[in-house]
Structures are given as C-alpha cells and as structure tokens.
Amino acid sequence: MSGHSYIKRPNRPLQIYAALFLVVLYVPVLFLPLFSFNTSIYVKFPLTGFTFQWYIELMDREPVWAALMNSLRVGVTTSLISTGFGIFAAKAITRYRLPGKGPLVGFIMLPLVVPGIIFGVALLILISRMGIPLSLYTVTIGHVIVCLPFAIATMIPRFEGFDPSIEEASADLGENAWWTFWRITFPMVFPGILASLLLTFTVSFDEFIMAFFLSGTDPTLPMYIWSQLRFPKEFPSILALASIILVVSFAMVFLGQWINRDAQATDSKSE
Amino acid sequence: MRKQLIQKVNDPMTKTDAFISIRNVNKFFGKFQAINDVSIDIGHGEFFSLLGSSGCGKTTLLRMLAGFENPTSGEIYIDGQPMSGVPPHHRPVNMVFQSYAIFPHLNVRDNIAYGLRKQKLSRSKRNAMVDEMLDLIKLPDYGDRKANQLSGGQRQRIALARSLILRPKVLLLDEPLGALDKQLREQMQLELRALQKTVGITFVFVTHDQEEALTLSDRIAVMSNGRDLQVDTPTRLYESPMDREVASFIGTMNFFDGTVKALTDGGAEIETAGIGDVYTTNIPPSLTPGQSVSVAIRPEKLTLSSDGHGGSNTVKGRLDNAAYLGERSHYYVSVDGVPQPVAVSAQNRQRANGNAESQRPVWLSWDDNAFVVLGNG
Ligand SMILES: Nc1ncnc2c1ncn2[C@@H]1O[C@H](COP(=O)(O)OP(=O)(O)O)[C@@H](O)[C@H]1O
Ligand SMILES: [Mg+2]
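About the criteria used
- Think of each chain on its own: its residues are numbered from 1, step by step along the sequence as written.
- Starting at A for chains and at 1 for ligands, labels are handed out in the order in which the entities are written.
- In keeping with the model being predicted, local features are shown solely for residues with a pLDDT of at least 70 and side-chain atom pairs are shown and tallied solely at 80 or more, while totals for entire chains, interfaces and linings include all residues.
- Processing note: side-chain calculations cover all non-hydrogen atoms of the structure and skip hydrogens and water entirely.
- The helix count covers DSSP runs of H or I at least four residues long, the strand count covers runs of E at least two residues long, and both are numbered beginning at the N terminus.
- Relative accessible area decides the class of each residue, using a 1.4 Å probe on protein chains only: under 20% of the type maximum gives buried, over 50% gives exposed, and in between gives partly exposed.
- Contacts between residues were defined by any pair of non-hydrogen atoms, one from each residue, lying within 4.5 Å.
- Note on areas: Shrake-Rupley with a 1.4 Å probe; residue coverage comes only from the protein chains shown.
- Only four residue types enter the charge count, namely Lys and Arg as positive and Asp and Glu as negative; His and the chain termini do not.
- Where a charge lies is defined by one atom per residue type: Lys uses NZ, Arg uses CZ, Asp uses CG and Glu uses CD.
- Only when DSSP finds a minimum of two bridges between them are two strands counted as paired.
- By definition, a salt bridge exists where a carboxyl oxygen of Asp or Glu is found within 4 Å of a side-chain nitrogen of Lys or Arg.
- Every residue is assigned a pLDDT by the predictor, reflecting its confidence on a scale from 0 to 100.
- Axis lines are fitted to C-alpha atoms, over the contacting stretch for helices. Their N-to-C directions set the angle, which ranges from 0 to 180 degrees.
- If a single non-hydrogen atom of a residue is within 4 Å of a molecule or strand, that residue counts as near it.
- Whenever a nitrogen or oxygen atom comes within 3.5 Å of another N or O atom, the pair is scored as a polar contact, on the condition that within protein one atom can donate a hydrogen and the other can accept it, and that pairs from neighbouring residues in sequence are kept only if both atoms are in side chains.
- Each residue is assigned to one class: nonpolar for Ala, Val, Leu, Ile, Met, Phe, Trp, Tyr, Cys and Pro, charged for Asp, Glu, Lys and Arg, and polar for all the others, Gly among them.
- Within the patch definition used here, like charges are joined within 9 Å and nonpolar side chains (Val, Leu, Ile, Met, Phe, Trp, Tyr) within 5 Å, considering only residues with over 30% relative accessible area and no salt bridge.
- Each angle gets one of four labels, with under 35 degrees taken as roughly parallel, over 145 as roughly antiparallel, 65 to 115 as roughly perpendicular, and the rest as oblique.
- In a left-handed crossing the near helix is turned counterclockwise from the far helix by less than a right angle, and in a right-handed crossing that turn is clockwise.
- Two rings from Phe, Tyr or Trp (for Trp, the six-membered ring) form a pair when their centres sit within 6.5 Å of each other. Planes less than 30 degrees apart are called stacked, planes more than 60 degrees apart edge-to-face, and all others tilted.
- We call a charge positioned over a ring when the NZ of a Lys or the CZ of an Arg lies within 6 Å of the ring centre and within 35 degrees of the ring normal.

A. Examining the overall build of chain A more closely. In terms of helices and strands, chain A carries 12 helices and 0 strands. Its helices and strands in sequence order give chain A the pattern α-α-α-α-α-α-α-α-α-α-α-α, from N to C terminus. Expressed as lengths along the three principal axes of its C-alpha atoms, the size of chain A is roughly 70 × 65 × 30 Å. Taking all 271 residues of chain A together, the buried fraction comes to 42%. Of the contacts made within chain A by residues no fewer than 6 positions apart, 72% connect residues no fewer than 24 positions apart. Carbon and sulfur atoms make up 73% of the accessible area of chain A, which amounts to about 15,300 Å² in all. With 17 positive and 16 negative side-chain charges, chain A shows a spacing of 7 Å between the two charge centroids.

Structure below.
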C-alpha cells in the first residue's frame, strides 16, 4: 500500500514541468534585485561589487516619494471600491438565480483578457468626451475596472463555501437582511474581503497602462519609473525601486492567499 | 371529490381550532408544479408530520410556512393571521434546517443566543436563558465549543435550542434526524417527542421515514407529487388508508379486486375473484352495491396454517417463498385468481427449523374486519 489514491499519487513529469515553469517565469524577474545591488550603472555581467548606494539615493528623491503617495492613494481607494463592489457582485452571482448569469459573469471578467491598451484608450476617449480632466481620480476609475474581476474572483469561493441556509437561519431567527449581513455574511467572508483588499491594492499599485492613459500631471509609481527609463544614470535606482515594489507585491499577494486559504473549506471543516 | 368528503369525516380538527391553516396552496417553480392544491389544518400543540418520498414537496411546503418561499396561489394562516407578505423574520415560527445551519464562526452559546438580540436582555438574564437551553438539550458543558467541534447529534440539538429559546408558536423541522445513524436516531426520536410534550409547541416535522412518522406524530399528512393524499392519525393511516397509494406507501399491503355485493348494518360484503367473499366495516362512505372496489389486508392480519379446514374467511394457496427475519418471517403465497403473491407476516413463536418447504399447500385465514375497502383508484 502506497497510501496514495490514484489521483493523488506523485507524478514525476508533472513536478518537473511545474519546476521549469516557475524558473522560466521568475528567474528573469530576479535579475532586477540582483543588479540593484551592483556598483556598476550598466546592467551586465560580471557583477562589479555590492552596494546599497542606489537604495540610499532613492530615499533622497522628492519625486519618488510624491509618486509613492499618489500610488498609495489610488491603490487604497481602488481596493476599497472594487472590494466593496466585489462583495455584492459575488453574493449576487452565487446566491441568486439570475437569468443570463453565465454571460454576465463572463462580461465582468472581461478586463482580465482584454488588452489594457484597449480599455485605456476607450476610457480615455469616454472621459475626455465627458469633459472630465485627467487626474488621479480618472486613474482610480480605470483601476477599479481592472481590479473588479480580481475582487470578484477572490470573493466567489468564499460565498460558495458556505451553505445558503446559514443566512436563512439568521432570517428565521428574526434578523433582517441588514443584520444578517453584518452578523453572518460579513464575518464568514471576512478573510476573502481581506484577501481581496490586498490583491486589488497590489494590482492597482503595479498597474501601468491605465495610469499611462488616464493620469494627469501626478504620476503613479510605475509611471514615474517609466519616465526615468530614458536616463541611463538613473537606471540602477529604478532597479532598486522596482525590486522594492516586487518584494512588497509578492508579500501582499501571498499574505492575501494565506488569509483566504480555507475558502470553500468552511463547510467541510465544520462537519 | 370523494377525497374531500372523507377528509371532512376523518379530520378531528374543525376549522375553529386550526392553528396553522394551509388553504389551497399551489407552488410553481417555473413550469414545474412542486405543490398541488394542498389544504391542511394543524392544531395547537400538535406533533404533525409531513411524510412522503424524496422530491414530493415536503421541504417546499415547510419553506412556505417559514416564509422562504411564497405560494403561487392559496393562503397560509398561522394563529389566525394570513402570512402572505410576512417575511421570515417576522413570522412566529422557527425552523430546524436539514443541514442544521449552525453558525460556524460562533460558539455554542452565541449560536443559541443568536435570536435574542432584539429582546435587549441583561447579560445575566441572557446567560440564564442559554444555560436553561443547554440543560434542556443535555449539553450543559458545551457552551464554549466551536461549531466544528460538535458531532451531528450535538449540532442537531443546538439547532433545536437556538429555535426553542425564542419560544416560537411553531417549530418546523426538516428531516432533522436524517443525517444521524440508526441508534442515535431512535434515541433522538424519543427525546424529540418528550421535548415537544414539555414545551408544548406545535411541531411540523418533515420525514421520508414512515416508521419515524408513525412513532412520533399525532397526525400525519401523506404527500406524493406535491399533493396531500391523506391527513390522519398514525393508526387510521395504517388501518384505514384511503387509497392504494397511501396503503402501499405506509407498510406493506395486499390488494384484491372486488365488487360490492351488499351493504349491511355499517359494513359491506365484498365479492372478490380469488379469496371469496369478505365482510368488513372498514369502508369509505358512499359505497353502493355493484360498485367495483379494492379490498386490502396487512400481512400480519393473515394467519398461515398448513392443515386446511374449509369454511368462511379461509383460502387455500401454495407457499412460494419464505424469508426468515429473526423475530418474524415473511411468507409469499400464491392463490388462484390473485395476480400477485399474497404477503403474510408471522411472529416466530416457536423455534424455526428453517425448512419451510416450497410449493406445499397452505391455508390463509383472517378475522372479520381485518380487511379495508379502498376506492378503486
Ligand atoms: N428553488 C427551486 N427551484 C426549482 N425547483 C425546485 C426548487 N425547490 C424545490 N424544487 C423542486 O420541487 C420538488 C420538491 O422539492 P422538495 O420540496 O425539496 O422535496 P422533498 O423535500 O419532499 O424531498 C423537487 O422536484 C425539486 O426539484
Ligand atoms: Mg427535503
């Protein structure tokens, strides 16, 4: 007896494939932090020496801090709005028999597959037609659209993971919809809400194309990075900045996944 | 038509003491009719069961009482009040869900106290009420447990306590014992019955288990395909089922075709094809001579013997099959002129020797009134 069921027994080729996949995906990205600690301003081997110089330089730059603040404001607002919408969209999708639910869900998920440049241009046209000046607000609108599918996709398993009769039981015990939401639904999906906040914040924080089309005079952090790429002298600092963003993004997404790790298992666990 | 008539006669409930009154309720899901013109009256303090096979509409009817579904037409009255438009949280009923629906993020205490928020009680009063409930369900030391640290039987009790603490006028229970193993189920049946007597609340209990319904209920509504076939006490459902469907749903029944020969003081003489004339007073009203009917008898009301004597209430047959079940045996006897083998159930008073020899001649006999006359439906 191996102790493994047929479907769960280890599969060597699949493991190798997974390892290769991760290497191809992430090794190029790892060059960023590597060269950000290199003393040379040129990105090439061999490495010349180890330094924190670029990180220290970064701290002294006024525009970096301004861009960071812009990104934080946009990110926090975007994550709150898209998660808020996401809660109710996910509840509607999982709880009610909506006619045409399939197409509707597909439509909501569209921003995941439609190239950002198309959405960016479309929104730009729309917004300028309406005479709204480009600003961090317009960036936020674009980011909410991009982030909504992430929020919904994070929340749906949370809602699917618990028996609708739990909400009915609350109504049966005398609570109206409002109180049922706050006493039952909200605490039960709360890990999903946290995960969604973290994920959508990260997506917004890292997003470039929408910001490129929709920002006015205040750049977000990715916009700032892009504007500095023209100056070779600045490049190592940009690498340092990119490395920081990379590490923080990874950390946030993993934290979100960890918080939300038991989504859909709430029922079976409580058996 | 005939059904309505019998129901009036059989129903001990008159309209005035009906506590729950379901009046001509229909329910459609799209084109599918889940409930078909159901009218049932349930009395105050009754233990009332809805019995029927899976998919016959029991849960749907219960959910309409609780307010989770609205009747497509018809009206439900509880304590004299029409319920249409009254949301679940304003109805004087509470429900124990099939899945129990224990709140997983709350401990046992908070689950039980969940519905007390609006009553604005002092903390000590609230705790006292919860303690009382924990005692009632015999889980006094479980207050701080989480929902996921409980067994099926314990969850079921907590679901009960959570409802009972609100002193509802009606408790609705949707197959509450279905998920429990046999032994626990039998124990919980006794407890549930005792509990209902203690608290004096009207119980509407859904089950697909006929034995459970017979054991627990004051009255039972037998349902099939969204209709209520017969509403009666367990004894009358078993002894005087109204038609073949009810008769075959509850226990086993032997059916014979016949015609009414004569009506004599409260009884009827029925002429049958295979078993001669039978006399019984278990007859539906409005029977007329010459009418074709079914007569039916339960397997345990037939006596099997191997030495024949002629006479009335006796018929000869051949033993087809015997099944030994320990305390009793089931025999299947073919009788000339009867299409199905006749089932007989007998207690094994003597030690069985296990050599029930097949195809030997046997005699079946019965008492007067052992038969019941059904309409030919
Ligand atoms: N919300 C619903 N939508 C469509 N059909 C339903 C719905 N609820 C129940 N039904 C159907 O109604 C019938 C009766 O269901 P139900 O009341 O749950 O039966 P029971 O509890 O007796 O097993 C079933 O055929 C079921 O498929
Ligand atoms: Mg059911």
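B. Examining the environment of E132 of chain B more closely. Along the chain, E132 of chain B turns up in helix 4 (residues 123–136). C-alpha separation for the pair E132 of chain B and I270 of chain B, spaced 138 residues apart in sequence, amounts to 59 Å.

C. Structural view of the pairing of strand 11 (residues 254–264) of chain B. Residues and elements named next belong to chain B. Of the pairings in the sheet, the one linking strand 11 to strand 14 (residues 292–297) comprises 6 bridges and is antiparallel in character. Each bridged residue has a counterpart across the sheet, and for N254 the counterpart in strand 14 is I297. Strand direction decides the pairing type here: strand 11 and strand 12 (residues 267–272), joined by 6 bridges, are antiparallel. Across the sheet, residue T264 finds its bridge partner in strand 12, namely G267. What sits between the antiparallel neighbours strand 11 and strand 12 is a turn of 2 residues, in which G266 has the positive phi angle 80 degrees.

D. Inspection of the pattern of salt bridges at higher detail. Applying the stated rule across the entire model yields 20 salt bridges over all chains. Residues K27 of chain B and E69 of chain B are paired through a salt bridge, measuring 3.9 Å at the closest nitrogen-oxygen approach. Remark: E69 of chain B occurs in the loop between helix 2 (58–66) and strand 4 (73–78) and K27 of chain B occurs in strand 1 (residues 18–29); sequence separation between them is 42 residues. Neither K27 of chain B nor E69 of chain B differs from the other in exposure class; each is buried. For E175 of chain B, the salt bridge is made with K58 of chain B, and the minimal N-O distance between the two is 3.9 Å. Pair noted here: E175 of chain B is in the loop between strand 7 (170–174) and helix 6 (182–199) and K58 of chain B is in helix 2, with a separation of 117 residues, a long-range link. Residue classification places K58 of chain B among the buried residues on the basis of a relative accessible area of 4%. What you see here is one network of salt bridges that share partners, running through E168 of chain A together with K27, R63 and E69 of chain B.

E. View of the confidence of the model for chain B. On average, residues of chain B score 88 in pLDDT, and 93% of them reach the 70 mark or higher. Predicted confidence is poor over residues 1–16 of chain B, with pLDDT under 50, and the contacts of this stretch with residues over four places away or in other chains come to 26 contacts.

F. Layout of the sheet that holds strand 14 of chain B. Residues and elements named next belong to chain B. Strand order in the open sheet made by the 5 strands is 13-12-11-14-20, with antiparallel pairing throughout. Both outer strands of the open sheet, strand 13 (277–280) and strand 20 (372–374), are each paired with one neighbouring strand and no more. Strand after strand, the sheet turns through a mean of 45 degrees between neighbouring axes, direction not considered. Note: strand 14 against strand 20, 3 bridges, orientation antiparallel.

G. Fine view of the sheet that holds strand 1 of chain B. All names here are of chain B. A sheet is described by the order of its strands in space; here 4 strands give the open sequence 2-1-4-5, paired in antiparallel fashion. Single-partner strands in this sheet number two, and they are strand 2 (32–43) and strand 5 (81–82). Pairing of strand 1 with strand 4, which is carried by 5 bridges, proceeds in the antiparallel orientation. Residue pairing in the sheet places I20 in a bridge with I78 of strand 4. On the sheet, helix 2 packs against strand 1, strand 2 and strand 4 and is oriented at approximately 120 degrees with respect to strand 1.

H. Quick peek at the site of ligand 1. With respect to spatial proximity, the complete set of residues near ligand 1 consists of R97 of chain A together with F29, F32, A34, S53, S54, G55, C56, G57, K58, T59 and T60 of chain B. Chains contributing residues to the immediate surroundings of ligand 1 are chains A and B. Measuring from an oxygen atom of ligand 1, one finds a backbone N or O atom of G55 of chain B at 2.6 Å. In the environment of ligand 1, an oxygen atom lies 3.2 Å from a nitrogen or oxygen atom belonging to the backbone of C56 of chain B. Computed on the free molecule, ligand 1 has an accessible area of 550 Å², of which 67% lies beneath the protein chains in the complex. No other element matches the 3 residues that helix 2 of chain B contributes to the shell around ligand 1. Among the residues forming the shell around ligand 1, the class breakdown is 4 nonpolar, 6 polar and 2 charged.

I. Focus on the side chain of N38 of chain A. Tracing the sequence through the fold places N38 of chain A in the loop between helix 1 (12–36) and helix 2 (53–59). The residues contacting N38 of chain A, other than those within four sequence positions of it, are K44, L47, T48, G49, T51 and W54 of chain A.

J. A look at a nonpolar patch on the surface. Taken together, the side chains of L14, Y17, F21, L22, L25, Y26, F250 and F254 of chain A define a hydrophobic patch exposed on the protein surface, amounting to about 830 Å² of accessible area. Within the fold, F254 of chain A resides in helix 11 (residues 235–259).

K. Spatial organisation of the packing of helix 10 (residues 221–228) of chain A against helix 11 of chain A. Residue and element names in this part refer to chain A. With their axes 10 Å apart at the nearest point, helix 10 and helix 11 run at an angle of 155 degrees to one another. In terms of axis orientation, helix 10 runs roughly antiparallel to helix 11. Pair helix 10 / helix 11 crosses with left-handed handedness. From helix 10, L221, Y224, I225 and Q228 reach across to helix 11, where they touch I238, L241 and I245. Split into classes, the residues belonging to the contact of helix 10 with helix 11 amount to 6 nonpolar, 1 polar and no charged.

L. Fine view of the packing of aromatic side chains. In the structure shown here, the tally under the stated rule is 26 aromatic pairs over all chains. Ring geometry for F212 of chain A versus F213 of chain A: centroids 5.4 Å apart, planes at 85 degrees, classification edge-to-face. Residue F212 of chain A is classed as partly exposed on the basis of its relative accessible area of 37%. The structure contains a cluster of three or more aromatic residues connected by ring pairs, namely F88, W178, F181, W182, F186 and F190 of chain A. Stacked on the ring of Y114 of chain B, the Lys or Arg R183 of chain A has its end atom at 3.9 Å from the ring centre. The side chain of R162 of chain B reaches across the aromatic face of F103 of chain B, ending 4.5 Å from its centre.

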